[in-house]
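Residue-level structure breakdown
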Amino acid sequence: MRDSFNAGEKQLVTQNPKMAKVMEDVQKLKRFELEEKVAKLLDHHGNFEEAERYGREALAGNAEVLGPHHKRTLRSMDSLGNLLKHEGLALEANAGSRASRIGEAAAGAALLKEAEKLLRESCLARQESDPNLKDPETLRAMASLGHLLDAEGKLEDGEHLLEQALEGECRLHGIPSSDPVSLARWTSDHSKDGSNRDVLKMMSSLGQLKMHEKKYDEAEALLRADLDAEVAAWGERDFRTLIARSELSQCLKELGRLDEAYDVLMGPNEDAPYIAQSVLGPAHPKTIQMLDRMRQIGKAPKGSGQSASGLAKHREQMAEHREAFALAVVRESTAFNLNEPSVGGDALAGLREDSVDATVEADEETSARRTLTNDRGRRLGLDVTRRTGSGSVLTPH
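1. Description of the overall build of the protein chain
- For the protein chain, the count of helices and strands is 18 helices and 2 strands.
- Here the analysis covers contacts within the protein chain between residues at least 6 apart in sequence; of these, 60% occur between residues at least 24 apart.

Next comes the structure, spelled out in structure tokens:
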């Protein structure tokens, strides 16, 4: 029994000994929820290895307490799958910048393979209980898997999943058609209420996939609608807008419209790639991608003095949003605004401390935490091994 049970909880346990196990499970689930929040924060800050450790422990714990196909377990599975996808893509991007990093490319491919396995398992489990695809969580899981398949070069399968997910979103929101014109009109009308978030993600993912299939006209329509909606919802200095600029710019470059590609990439103040270095960080894959695409277009930045001035102004404006950012980071949100890294770091440190406190309080199992994590995996038919430098690896047999 935990020492931190309050008087009411202790009375319940005394009257009904079976309640002790229920209370223990409740405390475990609280800890797993906190670990998952920490994992998401670390993921958004690019600290993938530590995020992976928390994400794996949350998934194994939820699966043990609730079962492998409980909705909460499936959410943990989705979170870990997306985290591994981000980590794998980051490793591949870093490896691509240096030809000697063959090991990083291999590690990235292995992470993407594991991410696909987790996301595919989640999709199958969700579709069994939601065959008509009416649950938004089912559609999100399908879109996540479709985006990953695109990254792995499995374009036909990825396109099928993303189109299904987008059509499902249209049905849920009463959008008359999934064609870009209807989507652009609807996302623009709902840019301020947040209801278009999933639709925009799916539009962007499908647009990128169409670009990879060399269907540039279709890709442009989707990516342009996405950018317009992102600007309307978040403004020019948000990471979602920056990423949308990068993708549409690349599509325009492929179409041979270099001047237009440059203007879209740089933004109205010709400083978007520089803002990305501040908002996302200089080592973030999307920042590297934006700078690389700027070079590929073959044009030097115009008005570099204005760009530097714009970046300085941006840094000043970041201070004005410290409190709002801190609240946004602490909440479990589907989209994080990383406009103030220092505040994010403070919030992250607080969550780390809370997670440690919750773990210490859990019960006597904490002293054998690593052993129990392995035991959880074995009971679930999972093999828990170690990979150099990144904690335990949970892979289905």
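After presenting the structure, the write-up continues.
2. Considerations on the nonpolar core
- Core analysis: the biggest nonpolar cluster contains 37 residues, and Met142, Leu166, Leu183, Val199 and Met203 have the highest contact counts within it.
- Mapped onto this core, the elements with two or more residues apiece are α4 (71-97), α5 (102-129), α6 (136-151), α7 (155-173), α8 (180-189), α9 (197-212) and α10 (216-234).
- In contact with Leu166, not counting residues within four places along its chain, are Leu183, Val199, Met202, Met203 and Leu206.
- Core analysis: the second largest hydrophobic core is formed by 27 residues, Met266, Ala272, Leu280 and Met290 among them.

3. Considerations on the confidence of the model for the protein chain
- Scored by pLDDT, the protein chain has a mean of 75; 68% of the residues are at 70 or more.
- Confidence, read as mean pLDDT per element, is least for strand β2 (residues 392-396) in the protein chain (31) and greatest for α6 (95).
- The low-confidence segment residues 300-345 (pLDDT under 50) makes 70 contacts with residues lying over four places distant or belonging to another chain.
- Contacts for the low-pLDDT stretch residues 356-397, under 50 throughout, to residues beyond four places or in other chains number 74 contacts.

4. Thoughts on the environment of Asp259
- Among the secondary structure elements, Asp259 is positioned in helix α12 (residues 258-266).
- A residue is classified by how much of its surface remains accessible, and Asp259, at 52% relative accessible area, is exposed.
- In sequence terms Asp259 and Ile297 are 38 residues apart; their C-alpha atoms lie 8.5 Å from each other.

5. Here's the deal with the environment of Asp271
- Structurally, Asp271 is set in the loop between α12 and α13 (272-279).
- On a C-alpha basis, the gap between Asp271 and Arg237 in space is 9.7 Å, while along the polypeptide they are 34 residues apart.

6. Remarks on unusual backbone geometry
- Phi angles above zero are rare outside glycine, and Lys214 is one such case at about 70°.
- Within the secondary structure, Lys214 is located in the loop between α9 and α10.
- The exposure class assigned to Lys214 is exposed, which follows from its relative accessible area of 62%.

7. Focus on the side chain of Ser182
- Take Ser182: it is sitting in helix α8.
- Of note is the side chain of Ser182, whose polar atom sits 2.9 Å from the side chain of Asp179.
- Not counting chain neighbours up to four residues away, the residues in contact with Ser182 comprise Ile175, Pro176 and Ser177.

8. Comments concerning helix α11 (residues 239-254)
- Between the first and last C-alpha of α11 there are 23 Å, a value that for 16 residues agrees with the 22 Å anticipated at 1.5 Å per step.
- The buried fraction of α11 is high, at 14 of 16 residues.

9. Side note on the pattern of salt bridges
- Under the criterion given, the structure shown has 27 salt bridges.
- Close ionic contact of Glu236 with Arg245 constitutes a salt bridge, the shortest N to O distance being 2.8 Å.
- Using a relative accessible area of 8% as the deciding quantity, one classes Arg245 as buried.
- Its salt-bridge partner being Glu247, residue Arg293 comes within 3.6 Å of it at the nearest N-O pair. In this pair, Arg293 sits in helix α14 (residues 285-297) while Glu247 sits in helix α11, placing the two residues 46 residues apart along the sequence.
- Look at Glu247 and you get buried, because its relative accessible area is 2%.
- Taken together, the salt bridges that share partners define one network made up of Glu159, Glu163, Lys210, Glu213, Lys215 and Glu218.

10. As for the packing of aromatic side chains
- Counted by the stated rule, this structure contains 0 aromatic pairs.
- Just above the ring of Tyr54 sits the side chain of Arg53; from NZ or CZ to the centre is 4.6 Å.
- For the cation-ring pair, Arg240 lies above Trp234, with the distance from its terminal atom to the ring centre recorded as 3.6 Å.

11. Points about the packing of α9 against α11
- For the pair α9 and α11, interaxial distance at closest approach is 10 Å and the crossing angle is 25°. One way to sum up the angle between α9 and α11 is to call them roughly parallel. The handedness of the crossing between α9 and α11 is left-handed. Seen from α9, the contacting residues are Arg197, Gln208 and Met211; seen from α11, they are Arg240, Glu247, Gln250 and Cys251.
- Here the contact of α9 with α11 is composed, by residue class, of 2 nonpolar, 2 polar and 3 charged.

Thresholds applied
- Residues numbered from 1 in each chain as written.
- Predicted model: local features only at pLDDT ≥ 70, side-chain atom pairs only at ≥ 80, totals over all residues.
- Heavy atoms only, no water.
- Helix = DSSP H or I, 4+ residues; strand = E, 2+ residues; numbered from the N terminus.
- Contact = heavy atoms within 4.5 Å.
- Core = buried A, V, L, I, M, F, W, Y, C linked by side-chain atoms within 4.5 Å.
- Buried < 20%, exposed > 50% of the residue type's maximum accessible area, 1.4 Å probe, protein only.
- pLDDT = per-residue confidence, 0-100.
- Polar contact = N/O pair within 3.5 Å; in protein donor to acceptor, adjacent residues only side chain to side chain.
- Expected span 1.5 Å × (residues − 1).
- Salt bridge = Lys/Arg side-chain N within 4 Å of Asp/Glu carboxyl O.
- Phe/Tyr/Trp six-rings, centres within 6.5 Å; stacked < 30°, edge-to-face > 60°.
- Lys NZ or Arg CZ within 6 Å of the ring centre and 35° of its normal.
- Axes fitted to C-alpha atoms, helices over the stretch in contact; angles between N-to-C directions.
- Parallel < 35°, antiparallel > 145°, perpendicular 65-115°, else oblique.
- Left-handed = near helix turned anticlockwise from the far one by under 90°.
- Nonpolar A, V, L, I, M, F, W, Y, C, P; charged D, E, K, R; others polar.

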